[in-house]
Amino acid sequence: MGSLLAASGSVGDFPLLNALIFVPAVGALVVALLPRSRPDLARPLGTLFAAIGGALALALAWQFEAADAGFQFVSQQSWIPALGISWHVGVDGISLWLVVLTSVVVPIVLAGVDPHHDPKPYTAWMLLLQAGSVGAFVALDLFVFFVMFEVVLVPMYLLIAGWGYEGRRYAATKFFIYTMAGSALLLVAIVATAVLGSPDSGITFDLQTLAEGQLLGENTARLCFVAFAIAFLVKVPVVPLHTWLPDAHTEAPTAGSVVLAAVLLKLGTYGLLRFGLYLFPEASDWAAPVLVTVGVVGVIWGAITAAMQRDLKRLVAYSSVAHMGFIVLGIFAFTAQAVGGGVIQMVNHGISTGALFLLVGMLYERRHTRQIDELAGIQSAAPVYAGVFTLIMLSSVGVPGLNGFVGEFLILIGSFETRRWWTVIAATGMILAALYLLWAYQRVFHGPPAAADRQTADLRRGELLTLAPFVIAVVALGVYPKPLLDAVEPAADKLLEHFEEHSGFEVPEPGDPVVVDYGDGAGEHDEDGH
Amino acid sequence: MGQVEIAFEAPAVDWWVLTPQIILVGAALGLLLVASLAPRALPDWVSTITSIATGAAAAIVAAVQWAAWDLAPRPTLNGAFVSDGFSLLLTVLVGAGVVMTALVAHSALDRYDMAPPEFAALLLASAAGAVVMAGANDLIVLFLGLESLSIALYVLIALAGRRASARESAMKYFVLGAFSSAFFLYGIALVYGSTGSTNLSGIGGFLFGSIRETDYLLLAGIALLLVGLGFKVAAVPFHFWAPDVYEGAPSPVTGYLASIAKAAGFAALARVLYVAVFEQSTAWTPILVALAFATLAVGAVMAICQNDVKRMLAYSSISHAGFVLVGLSAVPAASGVLQWAEEGGGDAVSSSVFYLITYSFMALGSFAVLSVVGAELRSPEADASAHALSRYGGLARRRPVLALAFTVLLLAQAGVPLTAGFVAKFEVIRAAIDASGYVLAAVAMITAVVSAFAYLRVVLAMYAPEGSADDDDSAPAARAGRPRWGGLPLTSVFAISLAVAVTVVVGVLPQTLLEWSRDAVLSIIL
């Protein structure tokens, strides 16, 4: 009992990052304990807790030293010493904006989207989702990361199952089983990494110790990397592991879709960076051709499939597959621009796709359909709605001047140096994105409106307020992405330095002339590298 | 040979060592005596209070002994029984199991028409058997413990004899249990024939002290012992009795079967394998690994095929046994095994102990929920479908807190982090990887995902709105004299809360229990 108290006592003294995790978690508890007679209190109170988290996240971004490439706001406390597990959290340029994104998006959707029934559990699950996601982004201990990675499954599962649309039970179960299957092997690999890769001083799950030590044998590291990568690729998701995503997105309640797109998918790509590239540099290099290919297939497949969708929400879901494929390409191109672009694209995809799901949700509230066929000419009835939709859509397409462009452009430039032909193919994906989104826009917003279309109400003030942060971010980060880039660049550089040091890969300097070997394709490059 | 060196001048019987067993048996006999001599039937609560007090007393005595003896093994009865960290930790678990079973059963006794004093006495007698098994250092004593546990359980199940399913269940358990006992006895005979001793330490000492050729007699003996204990812990392919028996038995008894009876079986298995025949680990490790593979796979796959929640939990209990087997089998291959053992033996046994303890609480809690839900059925005759998945539809509307508790327990069994179930799986996987059992670890986690599907079906059903229409007034007319909380029997609520609390607290702060499990096995490994 004594040590139990000691263990709980040692988690005292919370700095900022711990507060970011525990404020929403405590909020979830408080909301869950509200008396049953006052369900009306749940959402305001929950929003308050989530917003405190959001404010703290903004403070975090404000105090963050952009020039410092290492982990900041680090907090480490002993948790389960018997297993070498400690509560170790920290934030760097790669995770910073994802933390901010998570902490800001959840309060916005909590305030802006009505769950229609059972607000109390709904709010509690949303808060738990926020806590778990932030925790996963700041975890610097493999065990802590896995715990958070898995913990977010439960609230998301229950949100889909409890507040979703017709096919929610199927979609929720599919989501849970897919992700859990991916992480089953992840757990084995985490344990294997710690057991086999720990220094002689004793077993540890500490990310930095394991990554800097690089004590795993080559084959072991590769096997472990494969297990890690599968778990993350399911989450990203890449084709062919993506089939849970359209179902989950379509059947989830609007807030669930927004958080799923903005936050949960990023766990996959973030994991690939933090626990792939950083932890297994050599294995990442070894597997890169496959991963880049998978990413590019995702770009094309997602775009083509999106173009064929009749359901607007499903279309947005497939567009996520395409965008996330871009990020995978960027990460495994191993250049500073591409990796940095990947991180920025994670944030921007979160903003624009999150906003698209919000917009589709608002349309569904009005029309109770998401079928593109059943909608037409909305523009004349709801001009403001159409305007916001246009802006967000263009950001998603990647039009210069809006946020979506920055990340995609950086990925394309960076990847072109090392993954030439893949980049060429992926670039066509951008064109396809314009095609499917504009086509859908044309069908829904233009054309002769039917009677029902003419009745479609325009955005209300509350909805505008909900969308305003997204719109502002889309424009601001498109015009002036410097703060984003400034924080990301040093961290990306440092990560690539570490990668270069421990793998045979030579990361090209931004100024280097591009060496083109047309003959045998860039895939050969890796074999040469060793 | 076969004698254990006793370092101090001990009396032939160290009564202090045997106190937990004496408390359990004494209370059982005393209660029977009082109940039969009393002029009128005793009120129900007397029996329940007796069970709770006795279980708690045994657990407390064991805890005091744990603290007082500083984990030094104390053999008594000429080395036939030993009180060490392992037996004491399991005694505490058994005590807790008795308390929880008594709490849950209290509200179910008249539903199943079970006579309270007899129920309490049998429960305590079986607990005494379990405690004996945990500390037995002699195959014969182990057999005695096994039999007192089993015979008491046969009758416990049959007590609810008004229901055909319970009678069938008791009969099945009896016949198959008797068979397995015969196997076990035959195994004892063969091992004795080969080593000249039935004392576990004696056998271990003999095997390490002599150089022999492959001894087929001994190997056959070990195999038969494995069969006998495999039946008790319901490892595949010796599991066929389990689903039927679990389904037919009254839910409180099922919880006890799945947790305490199983833990006692595993305790005996661990002691036999690691104390007596550890020298033959190269022979039994592959068998254990094969059993683990089969148990994990069959348990998980069959669990998802069930439409009855109780039967699903029965199969899931089989798959959990597979996880314990993964832990127990985590011995590195031939070379280096001695060094491994001298360095503390990895975490093969301690991870299994941790798993058993955490799973016991999850199982006791889950079957307590089943018992409560089952009580809402008005006619016990229609028991066959009492736990059909459809009956759980909309449970979250009718009983939000109960549904949430059940969700926590189910997710814990699925191995979701921040619950004890996750840490337990983590420990077992770690032990397996420590011993280079990568494939077994991977298969174990994959089956965990498969069984997660089975748990999710129940969770989904509970939170589905469809079932909400069928009855809102389902709380039956309060049974006379039973305190209730929001329409639920208070004692069961207490037991379920305890199970959920342990599951969550150990899930978040596992350090203490991890240390206890490690301390407990110090005397087991060499």
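Conventions used here
- Residues numbered from 1 in each chain as written.
- Chains lettered and ligands numbered in written order.
- Predicted model: local features only at pLDDT ≥ 70, side-chain atom pairs only at ≥ 80, totals over all residues.
- Heavy atoms only, no water.
- Helix = DSSP H or I, 4+ residues; strand = E, 2+ residues; numbered from the N terminus.
- Rg over C-alpha atoms; globule rule 2.2 N^0.38 Å.
- Buried < 20%, exposed > 50% of the residue type's maximum accessible area, 1.4 Å probe, protein only.
- 1 Å grid on protein atoms, 1.4 Å probe; cavity = no way out; pocket = protein on both sides within 12 Å on 5 of 7 lines; lining within 4 Å.
- Points joined across faces, edges and corners; volume = space filled by probe spheres on them.
- Nonpolar A, V, L, I, M, F, W, Y, C, P; charged D, E, K, R; others polar.
- Phe/Tyr/Trp six-rings, centres within 6.5 Å; stacked < 30°, edge-to-face > 60°.
- Contact = heavy atoms within 4.5 Å.
- Buried area = accessible area lost by both parts, 1.4 Å probe.
- Salt bridge = Lys/Arg side-chain N within 4 Å of Asp/Glu carboxyl O.
- Polar contact = N/O pair within 3.5 Å; in protein donor to acceptor, adjacent residues only side chain to side chain.
- pLDDT = per-residue confidence, 0-100.
- Pairing = 2+ DSSP bridges.

Draft legend 1. Looking closely at the overall build of chain B. Secondary structure summary: chain B contains 20 helices and 4 strands in total. The C-alpha radius of gyration computed for chain B amounts to 22 Å, which stays within 12% of the reference 24 Å derived for 526 residues, consistent with globular compactness. With the C-alpha coordinates aligned to their principal axes, the bounding extent of chain B is approximately 70 × 55 × 40 Å. Across the 526 residues of chain B, 64% fall into the buried class.

Draft legend 2. Inspection of empty space enclosed by the protein at higher detail. Applying the stated criterion across every chain yields a total of 15 cavities of 30 Å³ or more. Here the second largest cavity is characterised by a volume of approximately 70 Å³. What lines the second largest cavity is simply A:F146, A:E150, A:M180, A:S183, A:A184, A:L187, B:A414, B:G415, B:F422, B:K425, B:M445 and B:V449. Those elements giving two or more residues to the lining of the second largest cavity turn out to be α6 (142–151) and α8 (168–197) of chain A together with α17 (420–434) and α18 (438–463) of chain B. The element that contributes the greatest number of residues to the lining of the second largest cavity is α8(A), accounting for 4 residues. By residue class, the composition of the lining of the second largest cavity is 8 nonpolar, 2 polar and 2 charged.

Draft legend 3. Inspection of the packing of aromatic side chains at higher detail. Residues and elements named next belong to chain A. Using the criterion set out here, one finds 42 aromatic pairs over all chains in the structure. With a centroid separation of 4.5 Å and 20 degrees between ring planes, the pair formed by Y441 and F445 is classed as stacked. Of the two residues, Y441 and F445 both sit in helix α19 (residues 420–445), 4 residues apart, roughly one turn of that helix. With a relative accessible area of 2%, F445 lands in the buried category.

Draft legend 4. Broad picture of the interface of chain B and chain A. Chain B puts 39 residues into the contact, and the matching count from chain A is 39 residues. When chain B packs against chain A, close to 3600 Å² is buried across both sides, 79% of that on carbon and sulfur atoms. Viewed at the interface, chain A and chain B are joined by 1 salt bridge. At the boundary of chain B with chain A, the tally comes to 4 residue pairs in polar contact (both at pLDDT 80 or more). Listed by contribution, the elements that provide at least two residues to the side of chain B that touches chain A are α16 (400–414), α17, α18, α19 (490–508) and α20 (511–520) of chain B. It is α18(B) that provides the largest number of residues to the side of chain B that touches chain A, a total of 12 residues. For the side of chain B that touches chain A, a count of residues per class yields 30 nonpolar, 2 polar and 7 charged.

Draft legend 5. Fine view of the pattern of salt bridges. Inspection of the entire model under this criterion finds 23 salt bridges over all chains. Its salt-bridge partner being A:D247, residue A:R314 comes within 3.4 Å of it at the nearest N-O pair. Taken together, the positions of A:R314 in helix α14 (residues 312–331) and A:D247 in helix α11 (residues 244–251) put the pair 67 residues apart, joining distant regions of the chain. Notably, a salt bridge pairs B:R74 with B:D14, separated by 3.6 Å at the nearest N-O pair. Placement of B:R74 in strand β1 (residues 74–76) and of B:D14 in the segment before α1 (19–37) is noted, with a sequence separation of 60 residues between them. Take B:R74: its relative accessible area is 24%, and that puts it in the partly exposed class. Note on B:D14: relative accessible area 11%, which makes it buried.

Draft legend 6. Just the confidence of the model for chain A, in detail. Residue and element names in this part refer to chain A. The share of residues in chain A with pLDDT of 70 or more is 93%, and the mean pLDDT across the chain is 86. This model gives residues 1–13 a pLDDT under 50, and the stretch forms 15 contacts once residues within four places in sequence are excluded. Here residues 516–530 is a poorly scored stretch, pLDDT under 50, and it has 17 contacts once near neighbours within four places are set aside; other chains count.

Draft legend 7. Structural context of the layout of surface pockets. All names here are of chain B. A volume near 810 Å³ is recorded for the second largest pocket. Put simply, the parts of the chain that give the lining of the second largest pocket at least two residues each are α2 (44–69), α3 (85–106), α14 (348–375), α19 and α20. Per-element tally for the lining of the second largest pocket: the top contributor is α3, with 7 residues. Across the lining of the second largest pocket, the residue classes tally to 24 nonpolar, 3 polar and no charged.

Draft legend 8. Spatial organisation of the pairing of strand β1 (residues 72–80) of chain A. In the sheet, β1(A) pairs with strand β2 (residues 85–91) of chain A via 6 bridges, with the strands oriented antiparallel. Paired with A:S78 across the two strands is A:S86, which belongs to β2(A).

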